[in-house]
Amino acid sequence: MEQISISEIQRNLHKLDNFDIIEVIDKKRDKVKGYFIEHKYFAFVKELSEQIQKDEKKVSLKGALNPYENASKIHLEKDAWKNHVLEKYSKDD
C-alpha cells in the first residue's frame, strides 16, 4: 500500500490517478488520517460499512449476568416473580 502525505496531495494531485488504496498520513503528527480507495472498491466498502453499523446497533443484553450473579443458581429463579406476587397479595392484612 502506498503512503502519501497531505501536503503531497495538495502539491501533486495527479499522484492519486493510478492507485488501488493509498494511506494518507500526517507527517508532522505521525498519524494516519485516512485512506483513498479506487472507485471500483466503493460498493464493497459501503456494504462492509453498513454491515458494521448494523452489527453495532444489535446490542443484546440477553444472557448478560452481573458480576455478583451465580449462573449455577438460575434454577432457583423459576417462578420467583410469580411466587413473590402471590406472597405479597395473599397476606392477610
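What you see is a predicted model, and the numbers here were worked out from it, not measured in a lab. (Residues numbered from 1 in each chain as written. Predicted model: local features only at pLDDT ≥ 70, side-chain atom pairs only at ≥ 80, totals over all residues. Heavy atoms only, no water.)

K.L.:
Which parts of the structure should I look at to understand the pairing of strand β1 (residues 2-5)?
P.N.:
Strand residues, when the strand is regular, have side chains that alternate between the two faces of the sheet. Where β1 lies against strand β2 (residues 21-26), 4 bridges are found, and the strand directions are parallel. Opposite Ile4, over in β2, you have Val24 as the bridge partner. Chirality of the crossover, the property in question, places the unit of β1, helix α1 (residues 6-11) and β2 among those that are right-handed. (Pairing = 2+ DSSP bridges. Helix = DSSP H or I, 4+ residues; strand = E, 2+ residues; numbered from the N terminus. Right-handed = clockwise from strand over helix to strand, strands pointing away.)

K.L.:
Looking at this structure, I do not really get the sheet that holds β2. What am I missing?
P.N.:
Strand pairing in a sheet relies on backbone hydrogen bonds, with the paired strands running either antiparallel or parallel. The strand order across the open sheet built from 3 strands is β1-β2-β3, with neighbouring strands paired in mixed fashion. This sheet does not close on itself; its edge strands, each paired only once, are β1 and β3 (31-37). With direction set aside, neighbouring strand axes in the sheet form an average angle of 30°. Across 6 bridges, β2 lies against β3 in antiparallel orientation. The partner of Val24 across the bridge, within β3, is Gly34. (Axes fitted to C-alpha atoms, helices over the stretch in contact; angles between N-to-C directions.)

K.L.:
Sorry, what's going on with unusual backbone geometry here?
P.N.:
Among all residues except glycine, the phi angle is most often negative; among peptide bonds, the trans geometry is most common. One non-glycine residue, Asp30, adopts positive backbone phi at about 55°. Residue placement: Asp30 occurs in the loop between β2 and β3.

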